[in-house]
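Survey of secondary and tertiary structure
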Amino acid sequence: MSVSFRRSNCERNGASHRCSKSPAASAVPLKFFHKGLNQMSKLLMFAAMGFVPALMLSTVSADDHAGMKKEHEAAHAQHDKWAAEHAKMRVEHLRALAMIAKLQAHIYEHEAELVEHDEEIRAHEDHAMHHGEEIAAHENDGDASNHEHLEKEHAAFKSEHDAMAKKHDEVKTGHDELHAVLNKLMELMKTIK
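Owing to the predicted nature of the structure, the values given are computational and were not obtained by experimental measurement.

Turning next to the overall build of the protein. Along its length, the protein carries two helices and four strands. Counting all 193 residues of the protein, 8% fall into the buried class. In the protein, of all internal contacts separated by at least 6 residues, the share reaching a separation of at least 24 is 54%. Accessible surface for the protein amounts to roughly 16500 Å². Of this, 62% is attributable to carbon and sulfur atoms.

Here we come to the confidence of the model for the protein. On average, residues of the protein score 78 in pLDDT, and 66% of them are at 70 or above. Note that pLDDT drops below 50 for residues 1-17; the model gives that stretch 26 contacts with residues more than four away or on any other chain. Predicted confidence for residues 20-26 stays below pLDDT 50, and this span has nine contacts to residues more than four positions away or in other chains.

Within the secondary structure, His 117 sits in helix H1 (residues 30-141). The exposure class of His 117 is buried, given its relative accessible area of 4%. Those residues in contact with His 117 that sit more than four places away from it in its chain are Met 164, Lys 167 and His 168.

Within the secondary structure, His 110 sits in helix H1. Those residues in contact with His 110, other than ones at most four positions away along the chain, are Val 171, Gly 174, His 175 and Leu 178.

This part is about the environment of Lys 190. In this fold, Lys 190 is placed in helix H2 (residues 145-190). Looking at Lys 190, the relative accessible area reads 62%, which means it is exposed. Within the local environment of Lys 190, its side chain forms a polar contact with the side chain of Glu 187, the two groups lying 3.1 Å apart.

Okay, a nonpolar patch on the surface next. Together, Leu 185, Met 186, Met 189 and Ile 192 give the surface a local cluster of nonpolar side chains, amounting to about 390 Å² of exposed area. With respect to the secondary-structure elements, Ile 192 resides in the segment after H2.

It is possible for side chains of opposite charge to pair when their charged atoms get near one another. Tallied over the full model, the rule gives six salt bridges. Among the salt bridges present, the one from Glu 120 reaches Lys 167, with a minimum N-O distance of 3.3 Å. With a gap of 47 residues between them, Glu 120 in helix H1 and Lys 167 in helix H2 connect regions that are remote in the sequence. By relative accessible area, Glu 120 is classed as partly exposed at 30%. Of the charged contacts in the structure, one is a salt bridge between Asp 162 and Lys 158, with a shortest N-O distance of 3.6 Å. Separated by four residues within a single helix, Asp 162 and Lys 158 lie in helix H2, roughly one turn from each other. Members of the salt-bridge network, linked through shared partners, are Glu 116, Glu 120 and Lys 167.

Here we come to a negative patch on the surface. There is a patch of like negative charges on the surface, built from Glu 125, Asp 126, Glu 133 and Glu 134. Mapped onto the fold, Asp 126 is located in helix H1.

What counts, and at which threshold
- Residues numbered from 1 in each chain as written.
- Predicted model: local features only at pLDDT ≥ 70, side-chain atom pairs only at ≥ 80, totals over all residues.
- Heavy atoms only, no water.
- Helix = DSSP H or I, 4+ residues; strand = E, 2+ residues; numbered from the N terminus.
- Buried < 20%, exposed > 50% of the residue type's maximum accessible area, 1.4 Å probe, protein only.
- Contact = heavy atoms within 4.5 Å.
- Areas by Shrake-Rupley, 256 points an atom, 1.4 Å probe, with all protein chains shown as cover.
- pLDDT = per-residue confidence, 0-100.
- Polar contact = N/O pair within 3.5 Å; in protein donor to acceptor, adjacent residues only side chain to side chain.
- Patch = residues over 30% accessible without salt bridge, like charges linked within 9 Å, V, L, I, M, F, W, Y side chains within 5 Å.
- Salt bridge = Lys/Arg side-chain N within 4 Å of Asp/Glu carboxyl O.
- Lys, Arg positive; Asp, Glu negative; His and termini not counted.
- Charge placed at Lys NZ, Arg CZ, Asp CG, Glu CD.

See below:
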């Protein structure tokens, strides 16, 4: 059986060439086709031979990858631990800021007590001045009936003054306690890097 494949209809012959229209002139026997298939199968075989060792190498490097995977898992575990530690630190920071806010609120409250006490002192001083004026007027008038009223006013003034002295001692004690805590805190802050 003679099956043939066509080559080009034109063949070169030295300087001149001839083109043939007949299919028989351009036919190539099938044996050349088989020769091409044979070369193709050799190429496929060489490619497969190169691929199999590559598979074997990938199997061998799986042990190396297992070590890398373990290192990645250890790193991820460490990252999780660090994140948990950071979360705990952040909670501690927030609580510390809340304590600082309470301390600041306490300082503001103490400051408000001082302002309030200053106003009480001013009002008490005003009361003392008016009481002094009443005493001076009484001494000029010599009216004995007014003397009992002045003694009651003076007893109220003295009671008010004693209450203010007590409040001043409380404010001063609160101030001293607050500043003792603040001084300790400032000393502790010096040790923080």
